[in-house]
Amino acid sequence: MSEEGKSKKENRVAEFFAGIAGFFKGFGEACAGGDAAVKVSLVVAGAGYFARKQIVKGILVTLLEIAVILYQVLIGFPYIGQLGNLGEVQRAQVYNPETMKNEVNDYDNSLLILLFGVISLSLLAVAIILWMANVKNTYRIQKLAQEGKHINTFREDLSSMLNDKFHFTLLALPVLGIIIFNVMPLIVMVCIAFTNYDQNHMPPAMLFTWTGLKNFRSLFETSLTMTFGYTFRKILVWTLLWALLATATTYFGGIILALLINNKATKLKKMWRTLFVAAISVPQFVTLLLMRNFFANAGIMNTVCEKIGLTGLLQNLGWINTNYIPFLTDPTWAKITIIVINIWVGIPYLMLIATGVLMNIPEELKESARIDGANAFQIFRKITMPYMFFITGPYLVTQFTANINNFNVIYLLTQDIYTTTNQKMSASFGKEIDLLVTWLYRLTSEQYNYKMASVIGICVFIVCALFTLLAFNFLIKGDKEETFR
């Protein structure tokens with residue numbers, strides 16, 4: 001990264017922390033310098049607005065305060081109070097002498113306690129920030145009144161939210177949706193990693209509780225009874241290798257294919273593009289399930305290989321010891337087959353992207369290179385590929401992280417076909433061809449081991465985040481704009 005880029009980054013970080021410090025400093029100044037109405041707004045949120053005759057705003061803010069307090073008293077605080085142990089009363093059948101029947105007792109649900117506890121804590125934190133911001137705003141209005149300046153009415157504020165501040169209004173719902181449907185579940189998932197939530201502690205029948213870092217130790221340790229550490233190392237190495245090979249093969253393959261189709265000597269360009277686009281027009285799960293049948297031990301590919309003598313040749317070379325090629329049942333063969341099939345599935349996407357980028361490479365650059373005596377390969381190496389990297393760099397990074405989580409290709413090709421013979425991996429419900437994300441899926445959908453699945457989910461996030469940060473900071477430097485103008 002250039003010195004200018006580093007300086008800008010440092011300035012942004014400094015501004016961020018300065019903004020946080022300024023927020024708390026402003027709150028302190030409001031509490032110290034505010035008049036009686038501002039100080040009363042510490043208890044009654046709308047008091048500062050009532051004093052400045054902003055009745056509608058005062059009523060709305062006060063009603064919001066009442067709603068938050070009622071929620072926390074009636075729902076939030078009871079759940080927050082149980083977060084320490086995630087419940088004590090287990091579900092049971094209790095005999096009721098009045099009805100002379102067995103009835104379910106008033107039991108605790110650990111999952112609901114965790115979910116509503118996290119939501120209530122988050123809501124409480126947001127409420128405190130809004131409360132502080134409200135006090136600051138009432139103090140700002142006080143100073144405007146003292147200086148004799150105009151104070152916006154509720155109608156003027158509403159008009160502002162629909163005009164010059166309309167971007168805040170538009171972003172409000174999407175941000176709220178992200179918090180509810182993305183951030184909250186992620187926080188709950190992270191919390192589950194520190195519990196013993198599994199098949200033996202399944203709500204509502206059973207309770208689960210906090211276990212600290214025990215699950216993380218299990219993921220990095222290997223013993224006679226716990227083999228998660230061994231399986232995690234094996235699957236992590238294959239996940240990274242798969243992501244690298246899957247990304248590189250489709251990326252460079254798509255570029256080469258686009259160059260071949262767009263070459264002046266190539267005839268029927270539209271037909272070739274149509275054929276490759278047709279390969280991706282079929283839904284991926286259909287293609288992969290068909291490929292799984294084609295490459296099965298008794299599938300079409302093995303029949304063809306046997307007819308042409310390839311199976312016998314591989315037997316003579318000692319590469320296989322069966323009367324079929326184990327495309328999807330042997331660890332090494334399965335990994336090679338998966339990568340090859342992914343090339344077929346992924347190259348057409350890159351071909352379309354590369355075609356658009358190649359058409360925008362400035363012809364002046366190529367013409368200047370030809371005048372200087374550069375051949376086709378030199379133009380490709382010095383102009384085409386650097387330009388492609390510059391334009392498609394962000395896509396390349398996101399594609400790598402997407403391949404780390406490429407569930408479809410691995411799962412659909414190997415499910416119900418591949419069976420591991422590695423006892424250590426089998427003990428922790430993993431397979432040699434699993435990615436971290438497919439292993440996580442098996443742990444949740446087949447074994448209900450949510451605690452270890454959450455730990456693996458955190459590890460996947462860390463791997464993707466680290467790579468993305470490193471890639472965007474060191475690979476995509478953003479200092480080549482002038483080169484390609």
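Being a predicted model, the structure only gives us computed values, none of them experimental.

## Regarding the packing of aromatic side chains
Then, number 1: The final tally for this structure, using the stated rule, is 16 aromatic pairs.
Then, number 2: Each ring, one from Phe23 and one from Phe24, has its centre 5.7 Å from the other, and the planes form 85 degrees; the classification is edge-to-face.
Then, number 3: Ring plane angle 80 degrees and centroid distance 5.2 Å describe the contact between Tyr411 and Tyr441, whose orientation is recorded as edge-to-face. Highlighted residues: Tyr411 in helix H17 (residues 407–414) and Tyr441 in helix H19 (residues 436–445), separated in sequence by 30 residues.
Then, number 4: Look at Tyr411 and you get buried, because its relative accessible area is 13%.
Then, number 5: The exposure class of Tyr441 is partly exposed, given its relative accessible area of 33%.
Then, number 6: Note that Lys424 overlies the ring of Tyr230, its terminal NZ or CZ placed 5.0 Å from the centroid.

## Regarding the environment of Asn449
Then, number 1: Here Asn449 lies in the loop between H19 and helix H20 (450–475).
Then, number 2: In this structure the C-alpha to C-alpha distance between Asn449 and Tyr197, which are 252 residues apart in sequence, comes to 6.9 Å.
Then, number 3: If we ignore the near neighbours within four places in the chain, the residues touching Asn449 are Tyr197, Asp198, Phe228 and Leu443.

## Some thoughts on the side chain of Asn134
Then, number 1: Summarising the element assignment, Asn134 is placed in helix H5 (residues 110–146).
Then, number 2: In this structure Asn134 comes out as buried when scored by relative accessible area, which is 10%.
Then, number 3: The residues touching Asn134, leaving out its near neighbours within four places in the chain, are Ser41, Ala45, Tyr49 and Val61.

## Details of the pattern of salt bridges
Then, number 1: Tallied over the entire structure, the rule returns four salt bridges.
Then, number 2: Among the salt bridges present, the one from Arg52 reaches Asp35, with a minimum N-O distance of 2.4 Å. In this pair, Arg52 is assigned in the loop between helix H3 (47–51) and helix H4 (55–82) and Asp35 in the loop between helix H1 (3–33) and helix H2 (36–40), connecting sequence segments 17 residues apart.
Then, number 3: By relative accessible area, Asp35 is classed as partly exposed at 25%.

## Remarks on the confidence of the model for the protein chain
Then, number 1: Residues with a pLDDT of 70 or more make up 95% of the protein chain, whose mean pLDDT is 85.
Then, number 2: Confidence scores differ between elements of the protein chain, with helix H6 (residues 154–161) showing the lowest mean pLDDT of 75 and H4 the highest of 92.

## Overview of a nonpolar patch on the surface
Then, number 1: A contiguous nonpolar patch, built from Phe50, Ile55, Ile59, Leu63, Ile66, Ile69, Leu70, Val73, Leu74, Ile75 and Phe77 and spanning about 1,000 Å² of accessible area, is present on the exposed surface.
Then, number 2: The element best represented in the nonpolar patch is H4, accounting for 10 residues.
Then, number 3: With respect to the secondary-structure elements, Ile75 resides in helix H4.

## Description of unusual backbone geometry
Then, number 1: Looking along the chain, the bond that leaves Pro203 and enters Pro204 is cis, with omega of 0 degrees.
Then, number 2: Among the secondary structure elements, Pro204 is positioned in the loop between helix H7 (166–192) and helix H8 (214–220).
Then, number 3: In the Ramachandran plot, Leu86 falls in the positive-phi region, its phi being about 60 degrees despite a non-glycine side chain.
Then, number 4: Considering the arrangement of structural elements, one finds Leu86 in the loop between H4 and strand E1 (93–96).
Then, number 5: Residue Leu86 is classed as buried on the basis of its relative accessible area, which comes to 0%.

## A few points about the packing of H4 against H5
How two helices sit against one another is set out by the angle between their axes and by the gap between those axes.
Then, number 1: At a minimum axis distance of 9 Å, the contact between H4 and H5 shows a crossing angle of 145 degrees. The interaxial crossing formed by H4 with H5 has left-handed handedness. Residues Val61, Val68, Tyr71, Gln72, Gly76, Phe77, Tyr79, Ile80 and Gln82 of H4 lie in contact with H5, whose contacting residues are Leu112, Ile113, Phe116, Gly117, Ile119, Ser120, Leu121, Leu123, Leu124, Ala127 and Asn134.

## A few points about helix H11 (residues 284–294)
Then, number 1: Within the sequence span of H11, burial applies to Thr287, Leu288, Met291 and Arg292. Viewed end-on, H11 has its buried residues packed into an arc of 140 degrees, placing them on one side of the element.
Then, number 2: Looking at the buried residues of H11, the elements they touch are helix H14 (331–358) and H17.

## A few points about the layout of surface pockets
Then, number 1: Of the volumes computed, that of the largest pocket is approximately 1,900 Å³.
Then, number 2: What lines the largest pocket is a set of 47 residues, among which Leu64, Val126, Leu130, Trp131 and Ala133 lie closest to the centre.
Then, number 3: Taken together, the elements giving at least two residues each to the lining of the largest pocket come down to H4, H5, H6 and H7.
Then, number 4: In terms of residue class, the lining of the largest pocket is built from 34 nonpolar, eight polar and five charged.
Then, number 5: Considering only enclosed or pocket space, the second largest pocket measures out at about 600 Å³ in volume.
Then, number 6: The wall of the second largest pocket is formed by 16 residues, among which Leu259, Asn262, Asn263, Lys366 and Arg370 lie closest to the centre.
Then, number 7: Within the residue set of the lining of the second largest pocket, elements represented by two or more residues are helix H9 (228–262), H14, helix H15 (363–371) and helix H16 (376–404).

## Looking at the pairing of E1
Then, number 1: The pairing of E1 with strand E2 (residues 101–104) spans four bridges and is antiparallel. Of the residues in E2, the one forming a bridge with Tyr95 is Asn102.
Then, number 2: Turn length for the E1-E2 hairpin, with the two strands adjacent in sequence and antiparallel, is four residues, and the turn residue Met100 shows positive phi of about 60 degrees.

## Some points on H7
Then, number 1: In this model H7 runs 39 Å from its N-terminal to its C-terminal C-alpha over 27 residues, within 8% of the 39 Å that 1.5 Å per residue would give.
Then, number 2: Maximal helix bending in H7 amounts to about 35 degrees, located at Ile179.
Then, number 3: Residues Met184, Val188, Cys191 and Ile192 constitute the buried set of H7.

Here is what the cut-offs are and how they apply
- Residues numbered from 1 in each chain as written.
- Predicted model: local features only at pLDDT ≥ 70, side-chain atom pairs only at ≥ 80, totals over all residues.
- Heavy atoms only, no water.
- Phe/Tyr/Trp six-rings, centres within 6.5 Å; stacked < 30°, edge-to-face > 60°.
- Helix = DSSP H or I, 4+ residues; strand = E, 2+ residues; numbered from the N terminus.
- Buried < 20%, exposed > 50% of the residue type's maximum accessible area, 1.4 Å probe, protein only.
- Lys NZ or Arg CZ within 6 Å of the ring centre and 35° of its normal.
- Contact = heavy atoms within 4.5 Å.
- Salt bridge = Lys/Arg side-chain N within 4 Å of Asp/Glu carboxyl O.
- pLDDT = per-residue confidence, 0-100.
- Patch = residues over 30% accessible without salt bridge, like charges linked within 9 Å, V, L, I, M, F, W, Y side chains within 5 Å.
- Areas by Shrake-Rupley, 256 points an atom, 1.4 Å probe, with all protein chains shown as cover.
- Axes fitted to C-alpha atoms, helices over the stretch in contact; angles between N-to-C directions.
- Left-handed = near helix turned anticlockwise from the far one by under 90°.
- Arc of directions from axis to C-beta.
- 1 Å grid on protein atoms, 1.4 Å probe; cavity = no way out; pocket = protein on both sides within 12 Å on 5 of 7 lines; lining within 4 Å.
- Points joined across faces, edges and corners; volume = space filled by probe spheres on them.
- Nonpolar A, V, L, I, M, F, W, Y, C, P; charged D, E, K, R; others polar.
- Pairing = 2+ DSSP bridges.
- Expected span 1.5 Å × (residues − 1).
- Bend = angle between axes of the 7 residues up to and from the residue.

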